[in-house]
Amino acid sequence: MPSYQEGSLEGLKRAILSYYPDVNIATIDKAYEFAKKAHEGQKRSSGDPYIIHPTEVAITLAEMRLDIATIITGLLHDTVEDTGVTLETIEKEFGKDVAELVDGVTKLSRITFRTTEEKQAENFRKMLIAMAKDIRVILVKLADRLNNMRTLEHLAPEKQKRISQETLDIYAPLANRLGISWIKIELEDHCLRYLHAEVYEKLAQKVERKKSERDKFIEDFIDLIKEKLEEYEIHAQIAGRAKHFYSIFKKMERRKLDFDQIHDIIAFRIVVENITECYKALGVIHAGFKPVPGRFKDYIAMPKANSYQSLHTTVIGPEGDRIEIQIRTTEMNSVADGGIAAHWRYKEGRFDLRTKDNVEWVHRLLEWHKDLSDPNEFLETVKIDLFEEDVFVFTPNGAVKELTHGSTPLDFAYAVHTDVGNKCTGAKVNGKIVPLKYRLKSGDTVEIITSPTQTPSKDWLKIVKSSRAKAKIRAVIKQQERDQAAELGRELLEKALKPYDITLRALEKSGELLKAAQFHSMRGGIDELMVAVGYGRIYPERVLEQLLPKEKLEAHLESMKPSEEEILKKNINSSKVNDSKNVITVGDQADILIRFGRCCSPLPGDSIIGFITRGRGVTIHTANCQKALDNDQERRVDVQWNKKSLTGGFGRRSVKIRILCHDESGLLAVMSQTITASQVNITSANIRTTKDKKAIALFEIEVNDIAQLARVTAALESKKGVIAVERVKS
């Protein structure tokens, strides 16, 4: 792809004119001058004038051959957020289409959020819903993130890591889902550079060192393939390249290998004229080289969700190395490089909205949006779906269902219909009864067995893989929990009213109970009030304050006063309450009983969320904890780390880390010394070896906060023989 990344107006114009020679270039001049004036005096972290950033974003959009409205949006995308420009002004100057696009990508939020994490998740939800309405919104966002990653070296290390992790979690998978492979590859490599700097440098050195040897091999193998194809009169364009760094890194992690043990870092692409020649070329390749079993994929017969089509195979090359080969037509190659952008149609230089139908995945977003009210759950659900490859299975009547990789018959049941999933009791795959946790493979035929009395259970969340199934199961479970909470709330209020000889039914009839619900801002009225009491968000005594005369309450409380002996016992017991409670503030209160979830073991510095647990105070989870997502959001409360308490010394918290390393003599001692040298205590260590001369060490250590854990992890990763270090969450 040609590069025009000069950050200049002239570079932008050349990029546009390369595919749209009849463009009214005056509109580009006008948008550029408008953005330049709006950002006048602003600088980037590098010290460069700010206008360079939106110009380079617009150039990236032009490299994707997008329409003029999208490119103008690239120039203006930060004006509403960072300057005094309004959307009304943009609409007046550049039209409604541009104004709507700018509104779709702006990071300015007009909603009040309870936490930073919720704000980020809600912004992401808005971005994706806007994307479902107009796909160009996400393309501007991707171009914006790509330019930010290209200039990330000017930010502080903490920001570099945070932005890189977010990019790896969201933006690179989004680019992949939309089929824009060149953006996905560049984003992933930038992320590797900042998240695993030493690994990146080592890979860069080793790949460069073998460049001349690799170039000679690529040239020779291309000649060999050409010769074999020409024997059968197949005319093809053939190219070979080294895989990108992040791809090599993931392969090393997945196979637990060193760089020198990775023999398939080169991929070849064969581009032919039509589909018939694709399969013909595949036959020639398999006849000339031994194919590796299980490594053939036909994405022509079954395209990916992002419209990607190609034949993938791996063969044993002339020197015994594994070689990956992709075979596709010219049109397929265009889609593989440009993704959804390859489908753009122009009508007098304007975007044709019908092209949205090319990506079925985009439309799933609207369904998730309806099912998931909590922004964090929505974010996690989308991330699950972004990351996974797909499998294709059949219904008994031959219809194809596309599912997430690793899906089970339960996922299939929910893909057929929500009621089929909720009533599922068993399944047959290819005619044989299988357990619900069976992992489906492409080509399987699945039949679901149902029962009218069946209901989903929490255990199902451990079985299903697809975001749709998880969302549907959670919705049923949360409704069940809500019903139970409402019943409990009613019982608690009845019990609290009993000493006053008043019944709940009488208060409902008189309208007093509804007034109490309204006083506590319960939009759902009495039902919502019962749920809040059942969950422990509102104590029955607080409700009674609105229901009973003050004198009556005070008289009853006076008769309930504890004796001096009871007060003494209470004070003794209160001294035994969890010492860590003051480390967390719940709302604006620090004196609340709290527990830390064992599932995720939050550390100071982690993003956290809290859930009320009746009789056990508030349970603290990390913001991305799967178990927390399964909880009803009605029980959620605002929690933060208490900075004053942390400054005074919080004490240490236990955390587990897993280290993948070579099975070398003395390496365990080196790792132990590295941990203790970081002023970190080791409470347990367990190590086992693998068949391929590797070792997996599991350490339980005590750290002060997430920053100290990061320092230990970095110190371990720098040691020779250590391949990867990760935090373990049960």
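Parameters at a glance
- Residues numbered from 1 in each chain as written.
- Predicted model: local features only at pLDDT ≥ 70, side-chain atom pairs only at ≥ 80, totals over all residues.
- Heavy atoms only, no water.
- Helix = DSSP H or I, 4+ residues; strand = E, 2+ residues; numbered from the N terminus.
- Expected span 1.5 Å × (residues − 1).
- Contact = heavy atoms within 4.5 Å.
- pLDDT = per-residue confidence, 0-100.
- Pairing = 2+ DSSP bridges.
- Axes fitted to C-alpha atoms, helices over the stretch in contact; angles between N-to-C directions.
- Parallel < 35°, antiparallel > 145°, perpendicular 65-115°, else oblique.
- Left-handed = near helix turned anticlockwise from the far one by under 90°.
- Nonpolar A, V, L, I, M, F, W, Y, C, P; charged D, E, K, R; others polar.
- Patch = residues over 30% accessible without salt bridge, like charges linked within 9 Å, V, L, I, M, F, W, Y side chains within 5 Å.
- Areas by Shrake-Rupley, 256 points an atom, 1.4 Å probe, with all protein chains shown as cover.
- Salt bridge = Lys/Arg side-chain N within 4 Å of Asp/Glu carboxyl O.
- Lys, Arg positive; Asp, Glu negative; His and termini not counted.
- Charge placed at Lys NZ, Arg CZ, Asp CG, Glu CD.
- Buried < 20%, exposed > 50% of the residue type's maximum accessible area, 1.4 Å probe, protein only.

Here's the deal with helix α2 (residues 25-38)
- Between its terminal C-alpha atoms α2 stretches 20 Å, which fits the 20 Å expected from 14 residues at 1.5 Å a residue.
- Where α2 is buried, its residues meet α1 (9-17), α3 (52-63), α4 (68-76), α5 (79-82) and α6 (87-94).

Remarks on the confidence of the model for the chain
- Summary statistics for the chain give a mean pLDDT of 79 and a share of 78% for residues scoring 70 or more.
- Element-level pLDDT for the chain is lowest in strand β7 (residues 346-347), with a mean of 38, against a maximum mean of 94 in strand β13 (residues 446-450).
- Ignoring residues within four places in sequence, the model shows residues 345-358, a span with pLDDT below 50, making 37 contacts including any to other chains.
- In this model residues 563-581 is a low-confidence stretch, pLDDT under 50, and it forms 13 contacts with partners more than four residues away in sequence or in other chains.

Regarding the sheet that holds β13
- Spatially, three strands are ordered β12-β11-β13 in an open sheet, and the strand pairing comes out antiparallel. Each end of this open sheet is capped by a strand with a single partner; those strands are β12 (432-434) and β13. Adjacent strand axes in the sheet meet at a mean angle of 35°, parallel and antiparallel pairs treated alike.
- One ladder, built from five bridges, connects strand β11 (residues 424-429) with β13; its direction is antiparallel. Note on β13: the bridge partner recorded for Gly426 is Ile449.

Remarks on the packing of helix α31 (residues 667-677) against helix α32 (residues 706-717)
- Following both chains from N to C, one finds α31 and α32 inclined at 150°, their axes separated by 9 Å at the closest point. Classified by the angle their axes make, α31 and α32 are roughly antiparallel. The two elements α31 and α32 cross, and the hand of that crossing is right-handed. Contact residues: α31 offers Met671, Thr674 and Ile675, while α32 offers Val712, Ala715 and Leu716.
- Among the residues making up the contact of α31 with α32, the classes are represented as five nonpolar, one polar and no charged.

Re a negative patch on the surface
- Where like charges cluster on the molecular surface, the negative patch consists of Glu219, Asp223, Glu227, Glu230 and Glu231.
- Along the chain, Glu231 turns up in helix α13 (residues 211-231).

Things to note about the environment of Ile185
- Tracing the chain through its elements places Ile185 in helix α11 (residues 181-195).
- Here Ile185 falls in the partly exposed class, since its relative accessible area comes to 25%.
- It is 8.7 Å that separates the C-alpha atoms of Ile185 and Phe245, two residues lying 60 residues apart in sequence.

Describing the pattern of salt bridges
- With the rule as written, the count across this model stands at 16 salt bridges.
- Across the salt bridge formed by Glu324 and Arg295, the nearest N and O atoms sit 3.4 Å from each other. With Glu324 in strand β6 (residues 322-329) and Arg295 in the loop between β3 (290-291) and β4 (297-298), this pair connects stretches of sequence that are 29 residues apart.
- For Arg295, a relative accessible area of 33% gives the class partly exposed.
- The shortest N-O distance in the salt bridge between Glu726 and Arg658 comes to 2.6 Å. Taken together, the residues span a long stretch of sequence, with Glu726 in strand β23 (residues 722-728) and Arg658 in strand β20 (residues 653-662) at a distance of 68 residues.
- Glu726 gets classed as partly exposed once you look at its relative accessible area, which sits at 41%.
- Residue classification places Arg658 among the partly exposed positions, given a relative accessible area of 34%.

A few points about the pairing of strand β5 (residues 311-316)
- With five of six residues buried, β5 lies mostly within the body of the structure.
- In this structure, β3 lies alongside β5, joined through two bridges in antiparallel fashion. Across the sheet, residue Lys290 finds its bridge partner in β5, namely Ile316.
- Here β4 pairs with β5 via two bridges, running antiparallel. Looking across to β5, one finds that Asp298 is bridged to Leu311.

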